[in-house]
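Chain by chain, the residues:
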Amino acid sequence: MKIFHTADWHLGKLLQGVYMTEDQRHILLQFIEEIKNEKPDVVIIAGDLYDRSIPTSEAVDLLNDMLGKIVLELKTPVLAIAGNHDSPRRLEFGSKMMSSVGFHIAGNLSATFSPVIYNDEHGEVHFHLIPYTEPSLVKHELGLEDIKTHNDAMEAIIAKINEQKDKQARHVVVGHCFVTPTGEKRENTSDSERPLSIGGAEHVSAAHFTDFHYTALGHLHQAHHVKHEKIRYAGSPLKYSVSEERHKKGFLIVELDKNGEINVEKRFLQAKRDIRIVEGLMEDIEKHEQNEDYVFVRLLDETPVISPMERIRAVYPNAMHVERKSSRIHLHEEQENKEKRANMDQQSLFKSFYKEVKGTEPSEDTQSLFSDVLQEMLEVESERK
């Protein structure tokens, strides 16, 4: 069986005040072309179809359009689950009716744990859809008092699935969670990944999935496997923050043979506009060829630059952010400077400020003029008191 594994579409994403709907349509149309060419048996979307629980109308229209092309026009079944960015109730609306045409979506966790079953020439493949669910809701749904963490919740869910699992079939889990080799804490792969738990334990052990032939995961935006080749994140199909600058975006093509062994290929997609960092002096950046990418600019200029964003957008019209690199790499030094300034007298503070702005020490005449003005201000302040 050939499976397309994708996740984290985040339709309606707003990045630095820019809606990325146009970029998302561009990338998803490429994905649909791959479906036309490869003719997979099933497409999996492992959560975070939308970027927010109440998506924009444009995002809803885009999802409706893409699913219509995949399910109705190309007759390719889609299995999807809610992620932590989605609204389970909104996603599940009409799900019973849509399943009849090949679109199966799990917004809320079902206590029946019934799989979606598809067949190939070797028999049945059971797909177990596990939408993102808070541990407290799993605790309530299953009536288990000892569920406190995401790991506890997943352990209980997998136990329920295993109780009724058909041992003659091949089994695929679709989940949206933060899986690490042993459930240990790990850093996110992107700044745009929203934490699954505030003040609690969000990590889930890969050990829960070892008895399944393939586990299709969503949530982390960088494609990778966890402990075993058969436990995988597809990653997002598009970059959603500058922290993803070095990610290679796309989706996974998974071939499941008659014995449940897998072969995985990463297929790349080409974004309409890249998200990347541009670093250099302003005078050098202004000599670059005009480019439509979403860029985050780090200026190497030591002295202040007047109207930096206006000048940068003459070359990079979609520039999203500009900063001086020195302000990033000398944070500790800056803190020390603040402490030093707190102990400076007014004259020393003026000399320090003047040098930072002008790049040179103030002349004696300038210092004398400052002293006169400062004295006048102090006298006026004294009279007020």
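Residues numbered from 1 in each chain as written. Predicted model: local features only at pLDDT ≥ 70, side-chain atom pairs only at ≥ 80, totals over all residues. Heavy atoms only, no water.

With an unreviewed UniProt entry as reference, the protein is termed Nuclease SbcCD subunit D, source organism Lottiidibacillus patelloidae. According to UniProt, the comment filed for the protein under the heading Sequence similarities (unreviewed entry) is "Belongs to the SbcD family." Taken from UniProt, the Function (unreviewed entry) comment for the protein reads in full: "SbcCD cleaves DNA hairpin structures. These structures can inhibit DNA replication and are intermediates in certain DNA recombination reactions. The complex acts as a 3'->5' double strand exonuclease that can open hairpins. It also has a 5' single-strand endonuclease activity." (UniProt positions renumbered as here; feature names shortened; annotations may be inferred.)

Caption draft 1: Region of interest: the sheet that holds strand β18 (residues 294–299). Pairing is parallel across the open sheet formed by three strands, whose spatial order is β17-β18-β19. For this open sheet the edge positions go to β17 (275–280) and β19 (321–324), each flanked by a neighbour on one side alone. Within this sheet the neighbouring strands show an average axis-to-axis angle of 20°, counted without direction. Relative to β18, β17 is paired through six bridges, and the arrangement is parallel. Paired with Gly280 across the strands is Leu299, a residue of β18. (Pairing = 2+ DSSP bridges. Helix = DSSP H or I, 4+ residues; strand = E, 2+ residues; numbered from the N terminus. Axes fitted to C-alpha atoms, helices over the stretch in contact; angles between N-to-C directions.)

Caption draft 2: Expanded view of helix α5 (residues 135–142). Pro135, Val138 and Leu142 are the residues of α5 that are buried. For α5, the arc enclosing every buried residue in end-on projection is 55°, short of the 170-degree limit, so these residues lie on one face. Residues of α5 that are exposed and point more than 90 degrees away from the buried face comprise Ser136, Leu137 and His140. Elements that come into contact with the buried residues of α5 comprise α6 (150–163). Gly143 lies just past α5 and shows a positive phi near 65°. (Buried < 20%, exposed > 50% of the residue type's maximum accessible area, 1.4 Å probe, protein only. Arc of directions from axis to C-beta. Contact = heavy atoms within 4.5 Å.)

Caption draft 3: How the structure looks around the packing of aromatic side chains. Per the counting criterion, the structure on display carries four aromatic pairs. Look at Phe4 and Phe251: their rings are 4.8 Å apart centre to centre, the planes differ by 45°, and that puts the pair in the tilted class. One end of the pair, Phe4, is in strand β1 (residues 2–6); the other, Phe251, is in strand β15 (residues 250–256), and 247 residues separate them in sequence. For the pair Phe4 and Phe251, one class covers both residues: buried. For the ring pair Trp9 and Phe31, a centre distance of 6.2 Å and an interplane angle of 80° mean the geometry is edge-to-face. Here Phe31 lies in helix α1 (residues 21–38) and Trp9 lies in the loop between β1 and β2 (14–15), a separation of 22 residues in the sequence. Residue class for Trp9 comes out buried when judged on its relative accessible area of 1%. Taking the relative accessible area as the measure of exposure, Phe31 reaches 2% and is therefore buried. An aromatic cluster is defined as three or more aromatic residues linked by ring pairs; in this entry it consists of Phe4, Trp9, Phe31 and Phe251. The ring of Phe212 carries Lys165 above its face, with NZ or CZ at 4.1 Å from the centroid. (Phe/Tyr/Trp six-rings, centres within 6.5 Å; stacked < 30°, edge-to-face > 60°. Lys NZ or Arg CZ within 6 Å of the ring centre and 35° of its normal.)

Caption draft 4: Region of the structure containing the pairing of strand β12 (residues 214–218). Within β12, five of the five residues are buried, which leaves it mostly tucked inside the rest of the structure. Here β12 shows two buried faces, one formed by Tyr214, Ala216 and Gly218 and the other by Thr215 and Leu217. Taken together, the three bridges between β12 and strand β14 (residues 228–233) define a ladder with parallel strand orientation. Note on β14: the bridge partner recorded for Thr215 is Ile231.

Caption draft 5: Structural context of the nonpolar core. Grouped together as the largest cluster of nonpolar side chains are 36 residues, with contacts concentrated most on Trp9, Leu11, Phe31, Val43, Ile45 and Val78. Mapped by element, the contributors of at least two residues to this core are α1, β4 (42–45), α2 (57–73), β5 (78–81), β6 (103–106), β15 and β18. Broken down by element, this core gets its largest block of residues, seven residues, from α2. When residues are assigned to domains, this core turns out to be shared by domain 1 (2–268) and domain 2 (275–324), each giving three or more. The contacts of Val78, once residues within four sequence positions are left out, are Val43, Ile45, Leu67, Ile70, Val71, Gly102, Phe103 and His104. Counting 27 residues, the second-largest nonpolar core is a separate cluster that includes Met154, Leu196, Val204 and Val226. (Core = buried A, V, L, I, M, F, W, Y, C linked by side-chain atoms within 4.5 Å. Domains from an automatic or database assignment.)

Caption draft 6: Representation of unusual backbone geometry. Within the chain, Lys39 stands out as a residue other than glycine whose phi angle is a positive 50°. The residue Lys39 is located in the loop between α1 and β4 in this model. What makes Lys39 exposed here is its relative accessible area of 61%.

Caption draft 7: Representation of the sheet that holds strand β9 (residues 170–176) in the model. Reading across the sheet, the six strands line up as β7-β8-β9-β12-β14-β13 and stay open at both edges, with mixed pairing between neighbours. Each of the sheet's edge strands pairs with one partner strand only, and the pair in question is β7 (116–120) and β13 (224–226). Taking the axes of each pair of neighbouring strands and ignoring which way they run, one obtains an average angle of 30° across the sheet. Relative to strand β8 (residues 123–130), β7 runs antiparallel, the two being bridged by five bridges. Its bridge partner being in β8, Asn119 is matched across the sheet by Glu124.

Caption draft 8: Focus on the domain arrangement of the protein. Parsing the protein into structural domains produces domain 1 (2–268), domain 2 (275–324) and domain 3 (329–383). For domain 1 and domain 2, the distance between their C-alpha centres works out to 37 Å. Summed over both sides, the interface of domain 1 with domain 2 buries roughly 800 Å², with 69% coming from carbon and sulfur. When the area that domain 1 buries against domain 2 is broken down by residue, the three leading residues are Gln16, Val242 and Glu245, summing to 55%. At the surface where domain 1 touches domain 2, the tally comes to zero salt bridges. Inspection of the domain 1/domain 2 interface yields three residue pairs in polar contact (both at pLDDT 80 or more). A breakdown of the residues in the side of domain 1 that touches domain 2 according to their chemical character gives five nonpolar, two polar and three charged. (Buried area = accessible area lost by both parts, 1.4 Å probe. Salt bridge = Lys/Arg side-chain N within 4 Å of Asp/Glu carboxyl O. Polar contact = N/O pair within 3.5 Å; in protein donor to acceptor, adjacent residues only side chain to side chain. Nonpolar A, V, L, I, M, F, W, Y, C, P; charged D, E, K, R; others polar.)

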